[in-house]
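Descriptive structure summary
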Amino acid sequence: NFSKETRKSFTVFPYGLKEYQSRWYVVGMVENIDNPLKFGIDRVEELNVHDQTFEKDPHFDMNDLFDDVVGVRTDREKEEILLHFTPFQGKYIKTLPLHPSQEVVEEDDQGVTVKLKVRPNFELKQKLMMQCQAVKVIQPQWLAEEMQEIYREALENYKK
């Protein structure tokens, strides 16, 4: 994402397309950057198509890029995330998992605890915020604290 003041032109060597929540992204390499980047197609303001060709890295696999991510962006390492859901929401989350790695660790009359193995990011936090009072982050502690801060800031919007 570039602000209006820092928008730049550069050549993207496209490797593929990725869809997430009805938004399409082009995934590709940019000169002098070692990792593939993702660009929201709807945010492209100008496009120049060139005849230039490139040799795709034969070891690059788009699936590897997104297997352990909710959404499309993150720079974090993969972690084990433990979440506890209320009994009602637990039934729902079991039928519509947050991520394919999700597994039920415990289920009783207090609710459902699930484990994810993902690289935490903004999109994961958004999905947790959608669950609001029905979910509690058990681990990692840093994510529990970030969610608490998000809810504190949200509560401030209602204090007037």
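Moving on: helix α3 (residues 122–131). Listed in full, the buried residues belonging to α3 are Glu123, Leu124, Lys125, Leu128 and Gln131. Next to the buried residues of α3 lie β1 (12–20), β4 (79–85), α2 (87–95), β6 (111–118), β7 (135–139) and α4 (141–156). Downstream of α3 by a residue or two, Cys132 has a phi angle that is positive, lying close to 45 degrees.

For Ala144, the location among the structural elements is in helix α4. In this structure Ala144 comes out as buried when scored by relative accessible area, which is 9%.

Right, let's talk about the nonpolar core for a bit. The tendency in soluble globular proteins is for nonpolar side chains to be buried side by side. Core analysis: the biggest nonpolar cluster contains 27 residues, and Leu83 and Leu128 have the highest contact counts within it. Those elements that provide at least two residues to this core are β1, β2 (23–30), α1 (62–66), β4, β6, α3, β7 and α4. With four residues, β6 is the largest single contributor of residues to this core. The contact partners of Leu128, leaving out residues within four places of it in the chain, are Leu83, Leu98, Val135, Val137, Leu143, Met147 and Tyr151.

Scoring rules and cut-offs
Residues numbered from 1 in each chain as written. Predicted model: local features only at pLDDT ≥ 70, side-chain atom pairs only at ≥ 80, totals over all residues. Heavy atoms only, no water. Buried < 20%, exposed > 50% of the residue type's maximum accessible area, 1.4 Å probe, protein only. Helix = DSSP H or I, 4+ residues; strand = E, 2+ residues; numbered from the N terminus. Contact = heavy atoms within 4.5 Å. Core = buried A, V, L, I, M, F, W, Y, C linked by side-chain atoms within 4.5 Å.

Interpretation in functional terms is not warranted from these geometric data alone.
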